[in-house]
Amino acid sequence: MRFRGNKPFASAVGLLLGLLFAVEAAKVNKHKPWIETTYHGIVTENDDKVILDPPLIALDKDAPLRYAESFEVTLTEEGEICGFRIHGQDVPFEAVVLDKSTGEGVIRAKEKLDCELQKEHTFTIQAYDCGEGPDGANMKKSHKATVHIQVNDINEYSPVFKEKTYKATVIEGKKYDSILKVEAVDADCSFQFSQICSYEIVTPDVPFTIDKDGFIKNTEKLSYGKEHMYKLTVTAYDCGKNRASEDVLVKINIKPTCKPSWQGFNKRTEYEPGTGSLALFPSMHLETCDVPITFVRASIELETSHIGKGCDRDTYSEKSLHKLCGASSGTVELLPAPSSSSNWTVGLPTDNGHDSDQVFEFNGTQAIKVPDGLVNTNLKEPFTISVWMRHGPGSREKETILCKSDKTDMNRHHYSLYVHNCRLILLLRQDPSEAENYKPAEFHWKLDQACDKEWHHYVLNVEFPTVSLFVDGTVFEPFMVTEDHPLHPSKIETQLTVGACWQGGNARMAQFFRGNLAGLIIRSGKLENKKVIDCLYTCKEGLDVQLPEEVASAVKVDFNPNQSSLTVEGDDIGAFDKVMQHISYLNSRQFPTPGIRHLRISTTVKCLNEDACVAVPDAEGYVMVLQPEEPKISLSGIDHFARSAAEFESQEGVTLFPELRIVSTITREMEVDAESEGAEGTDDDPTVQETVVSEEIMHNLDSCEVSVVGDELDGEHESLEVDVSQLQQRALEMSSSNLGLIITGVNTMANYEQVLHLIRYKNWHTEALFDRKFKLVCSELNGRYISNEFKVEVNVIHTAPVEHANNAMVQPNFINPVHHASVDLSGHNLVNAHQASVVPSAATIVIVVCVSFLVFMIILGVFRIRAAHQRSMRDQESGKENEMDWDDSALTITVNPMETYEDQHSSEEEEEEEEESEDGEEEDDITSAESESSEDEEGGEPEDQQGTSRQQQLEWDDSTLTY
């Protein structure tokens, strides 16, 4: 570029060039960055940010002045800090520049730090500027500064015990300052988190304590008779409140001092149902500590008062139990289980906690009225009242168990059984008679059992004027008998009530009972047989002993009546121990009530030296009766079949359950050797696996109920019946209502099967009946185990009369007259069979419509052909020379659509007729397409068949013809 003589412009250019030279001179990198000589930092092991003191800042004198002009700051780069460099081997830190212009930076961790591996880190750091040249090749470095970084700990580790288990042995009856020491360690690096600050015994209610150093000692004197070994769970805490990762088990064995006691006694004994007798003390012996013993007496008590009505008994109805015990005649149950036929106990609260043992609760405000006519007891003849009662404490008011009183107008009590001040009283007022003399009217028994809140069985045999009472099988005589006049003559009806007494004059209940009642019955005749009374009361569980022959003469054994306790006496300790080892528990029920039965052994000894004689403490334990395998009662058979109306109206009726099967099964889990079965084992045990096995069992039933599904039975034209003589042969009873019938009584499943096969349904008016549904349910042990609901549907086949050709009114040709043979259509769903006999089928309607349409089309075609022929004749007469040419290219041939259907339909009918003839059944199904009657078939070819041959001809569609 050439500049002409423009002096001002030349001088400006010179000034600019001078400034540029000045800036280039200023960009020379003259100075090194400067940092501190030492840094101290802190970092937490779960964090990467390091806090430095002092902060990391690098300074460079080449940096421009803060307040210089902007173009100078922009153009100057040598004063900027481009980075920091860390020197050292495997340093897990890095330094990062935050601001190049100010030289500010930070140090941070490159990876997760672990205080437990290295608590401190030391290294050097150096800063460098951005240098001179395009790539900063002439950069300058600061001096090296030392950095010390400390890693702060977090409480990441929990205490761990040095031993997996700690054991110690102590002597009973002594307190120790220290029994043993447990010790735990913590892997944290800091003093705070690595120290164990406390120990704790986790097991509650143990006589031990532990201090902060881990020393365990007992807080009371220990007894070997109370506990042979204590198992303690101990944990530890560090100073950061972290609990030990795993608690440690401490076993402290108690070494006994010699004390007279029962040794080898297991507190818990498990009893599996159906296994017979189980020895309770197979390895037990009496420790006498070498003290000479002259006599030993031990009482073993089995506590069963919380089971059922005092112990485990069959939970059948009281009426069934009387039959089983041999007292079957004339028994009336006043507190039956609620059902459709016995519904007067529905409103009473029941005790549902004893496996269907029907127990009713009376709280002083509840009572029931027994239906009229249920009990027809003549007081002049012997009768029996039997009841289970739990009552207490005594009351000054009368509490009525059973009462028969005037229904209206008056409050006279004809007879009643009540409790008053722990006395059981029977009131028995005689009916009016010619003699007005005083007669025994009230019989009083003072009984502790009436107020002890325990279950007891009461049987009163009444044979006026004497009454005998059995309580738990033991006879009690009345301590007082009062007399009264007979009742005055009256025509007032009476009311029988339970739980209170009806006051006819006031129309309300009075003298309410407070307690529990069960099995209340009235039976005509006395129960004089003691075996029958004992059978009603005796428990199905109890203690038993089989005396060895060698010790039978040396030891005496006595039982109480229900075998819930026994006493063993003898002077030979060896023989005594053998007898105790043969004492067993037995429960004869197939399905016993599960739960605990407590055991107590009370022992008395006599010594040669009475002053130095020993005392044997009582021994306590329990029998755990395991849950029995619950049976699954299954009812199966034909659940849907049809019968003709004539069978329903016949004398025999229709059998509802002809092929009923009753099967009961239980499911067991069994362990099978996988190797023997060729199967692969589990991860826990490669040789054992569990399999579920279903096993059929036999047991009794006590009830089967047949109920109607839908409308109730109408007694005027339908009923359910069964052969009463067959029931009596099997000691079963039946009660019926408009809801169905119930068969009751304890008997085998096979006998119930046979009786249910005999149940028949009758209906005398089947015109409007098309089907009837029934439901069958069976149960065992008073509803404890219930079967499935087996439902049966029975259809009624209605037969329509055949219409002949000579009838006055000819049957329309679209109705199918059907002749039904007496065939068994079991299992077929014949819905509304009656309608099928009077309503034409869909196929018949289709055939009639198609035939009519085809006839119409044929007539129409003939008419049109005839009209066309007449037209052609007229054309010939008018002198037309040209003859009409047929163009058959437009002809349409229409095939009868019904031809294939009819052929198909006739072949299907022939197949059906062949099958019916093979089964020995005859059924004529004559349609209107074939003939109107059987007589027409014999006479020759019917008109319909001729019409059929015409239908099979081709139909000419001349709509497209040209003339």
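All of these numbers come straight from a predicted model, not from anything done at the bench. (Residues numbered from 1 in each chain as written. Predicted model: local features only at pLDDT ≥ 70, side-chain atom pairs only at ≥ 80, totals over all residues. Heavy atoms only, no water.)

## Observations regarding unusual backbone geometry
At step 1: In this structure, the amide linkage connecting Gly392 to the following residue, Pro393, adopts the cis form with an omega of -10 degrees.
At step 2: By secondary structure assignment, the location of Pro393 is in the loop between strand 25 (383-391) and strand 26 (399-406).
At step 3: Here Phe464 and Pro465 are connected by a cis peptide whose omega angle stands at 15 degrees.
At step 4: Positive phi, close to 55 degrees, is recorded for Asp90, a residue that is not glycine.
At step 5: Along the polypeptide, Asp90 turns up in the loop between strand 3 (81-87) and strand 4 (93-99).
At step 6: In this structure Asp90 comes out as exposed when scored by relative accessible area, which is 71%. (Helix = DSSP H or I, 4+ residues; strand = E, 2+ residues; numbered from the N terminus. Buried < 20%, exposed > 50% of the residue type's maximum accessible area, 1.4 Å probe, protein only.)

## Quick notes on the layout of surface pockets
At step 1: Its volume calculated, the largest pocket comes out at about 930 Å³.
At step 2: Lining of the largest pocket is provided by 33 residues; of these, Ser339, Ser341, Ser342, Ile742 and Thr744 occupy positions nearest its centre.
At step 3: Those elements giving two or more residues to the lining of the largest pocket turn out to be helix 4 (318-324), strand 22 (331-333), strand 49 (700-709), strand 51 (733-737), strand 52 (740-748) and strand 54 (771-780).
At step 4: Across the lining of the largest pocket, the residue classes break down as eleven nonpolar, 14 polar and eight charged.
At step 5: Taken together, domain 4 (318-537) and domain 5 (631-669 + 692-797) each give at least three residues to the lining of the largest pocket, which thus spans both.
At step 6: Counted as a void, the second largest pocket has a volume near 630 Å³.
At step 7: In terms of lining residues, the second largest pocket is bounded by 25 residues, among which Tyr224, Gly225, Lys226, His228 and Trp262 are the most central.
At step 8: Of all the secondary structure elements, the ones that give two or more residues to the lining of the second largest pocket are strand 17 (261-263) and strand 43 (619-625).
At step 9: Here the lining of the second largest pocket takes three residues from strand 17, the largest share from any one element. (1 Å grid on protein atoms, 1.4 Å probe; cavity = no way out; pocket = protein on both sides within 12 Å on 5 of 7 lines; lining within 4 Å. Points joined across faces, edges and corners; volume = space filled by probe spheres on them. Nonpolar A, V, L, I, M, F, W, Y, C, P; charged D, E, K, R; others polar. Domains from an automatic or database assignment.)

## Topic: the sheet that holds strand 2 (residues 51-53)
At step 1: The mixed open sheet is built from five strands, whose spatial order is 2-1-7-6-3. Only two strands of the sheet have a single partner each, and these edge strands are strand 2 and strand 3. Taking each pair of neighbouring strands and ignoring which way they run, the sheet shows an average axis angle of 30 degrees.
At step 2: Strand direction decides the pairing type here: strand 6 (residues 120-129) and strand 7 (residues 145-152), joined by six bridges, are antiparallel. Paired with Thr124 across the bridge in strand 7 is Thr146. (Pairing = 2+ DSSP bridges. Axes fitted to C-alpha atoms, helices over the stretch in contact; angles between N-to-C directions.)

## With respect to the pairing of strand 6
At step 1: Of all ten residues in strand 6, seven are buried, a share of seventy percent or more.
At step 2: Note: strand 3 against strand 6, six bridges, orientation antiparallel. Across the sheet, the residue bridging to His87 is Thr124, located in strand 6.

## Side note on the nonpolar core
At step 1: In terms of nonpolar packing, the biggest core is built from 43 residues, with Phe657, Ile662, Leu720, Ile743, Leu756, Ile759 and Leu776 touching the most fellow members.
At step 2: Elements with a contribution of two residues or more to this core: strand 44 (632-636), helix 7 (645-649), strand 47 (661-673), strand 49, strand 52, helix 10 (749-757), strand 54 and strand 56 (790-797).
At step 3: Once residues lying within four places of it in the same chain are set aside, the contact partners of Ile743 are Asp702, Ser703, Cys704, Leu727, Leu732, Glu733, Met734, Tyr752, Val755, Leu756 and Ile759.
At step 4: In this structure, Leu335, Phe383, Leu447 and Leu520 belong to the second largest nonpolar core, which totals 39 residues. (Core = buried A, V, L, I, M, F, W, Y, C linked by side-chain atoms within 4.5 Å. Contact = heavy atoms within 4.5 Å.)

## Description of the packing of aromatic side chains
At step 1: Under the criterion given, the structure shown has 13 aromatic pairs.
At step 2: Look at Trp262 and Phe576: their rings are 6.2 Å apart centre to centre, the planes differ by 20 degrees, and that puts the pair in the stacked class. Remark: Phe576 occurs in helix 6 (residues 573-581) and Trp262 occurs in strand 17; sequence separation between them is 314 residues. Comparing Trp262 with Phe576, the two get one shared label, buried.
At step 3: Note on Phe362 and Phe513: the rings are 6.3 Å apart at their centroids and 75 degrees apart in plane angle, and the pair reads as edge-to-face. Of this pair, Phe362 sits in strand 23 (residues 360-363) while Phe513 sits in the loop between strand 36 (508-510) and strand 37 (514-524), placing them 151 residues apart in sequence.
At step 4: For Phe513, a relative accessible area of 0% puts it in the buried group.
At step 5: Ring pairing ties together the aromatic residues Phe648, Tyr761 and Phe774, which thus form one cluster.
At step 6: Stacked on the ring of Trp388, the Lys or Arg Lys309 has its end atom at 5.5 Å from the ring centre. (Phe/Tyr/Trp six-rings, centres within 6.5 Å; stacked < 30°, edge-to-face > 60°. Lys NZ or Arg CZ within 6 Å of the ring centre and 35° of its normal.)

## Concerning the pattern of salt bridges
Opposite charge on two side chains allows them to pair when their charged atoms are near.
At step 1: Scanning the entire structure with this criterion turns up 25 salt bridges.
At step 2: When the shortest N-O distance is used, the salt bridge between Glu647 and Arg643 registers 3.9 Å.
At step 3: We classify Glu647 as partly exposed; its relative accessible area is 27%.
At step 4: Here Lys762 ties to Glu721 by a salt bridge, and the two come within 3.0 Å at their closest N and O atoms. (Salt bridge = Lys/Arg side-chain N within 4 Å of Asp/Glu carboxyl O.)

## Some thoughts on the state of the cysteines
At step 1: Going through the model one piece at a time under the given rule, you end up with eight disulfides.
At step 2: With its sulfur 1.8 Å from that of its partner, Cys311 forms a disulfide with Cys539. Across the disulfide from Cys311 to Cys539, rotation about the S-S bond amounts to roughly -100 degrees, and the bridge is consequently left-handed. Remark: Cys539 occurs in the loop between helix 5 (530-537) and strand 38 (541-545) and Cys311 occurs in the loop between strand 21 (293-303) and helix 4; sequence separation between them is 228 residues. (Disulfide = S-S within 2.5 Å.)

## Quick look at the confidence of the model for the protein
At step 1: Put simply, the protein has an average pLDDT of 78, and 76% of its residues get 70 or more.
At step 2: Per-element confidence in the protein ranges from a low mean pLDDT of 33 for helix 2 (residues 70-75) to a high of 95 for strand 44.
At step 3: Under a pLDDT of 50 for its full length, residues 1-9 has, in the predicted model, one contact with residues more than four places off or in other chains.
At step 4: For the stretch residues 18-23, pLDDT sits under 50, and the model shows one contact to residues farther than four places along the chain or on other chains. (pLDDT = per-residue confidence, 0-100.)

## So, a nonpolar patch on the surface
At step 1: Where nonpolar side chains cluster on the molecular surface, the patch consists of Phe853, Phe856, Leu860 and Phe863 and spans about 450 Å² of accessible area.
At step 2: Looking at the element boundaries, Phe856 is found in helix 12 (residues 842-877). (Patch = residues over 30% accessible without salt bridge, like charges linked within 9 Å, V, L, I, M, F, W, Y side chains within 5 Å. Areas by Shrake-Rupley, 256 points an atom, 1.4 Å probe, with all protein chains shown as cover.)

## What to know about the pairing of strand 29 (residues 439-446)
At step 1: Across the eight residues of strand 29, six count as buried, placing the element largely inside the fold.
At step 2: With five bridges joining them, strand 28 (residues 423-428) and strand 29 adopt antiparallel strand pairing. From the neighbouring strand, Arg423 faces strand 29, where its bridge partner is Lys446.
At step 3: Sheet topology note: the strand 29/strand 33 (residues 480-484) ladder contains five bridges and is antiparallel. Within strand 33, the residue paired with Pro440 across the bridge is Glu483.

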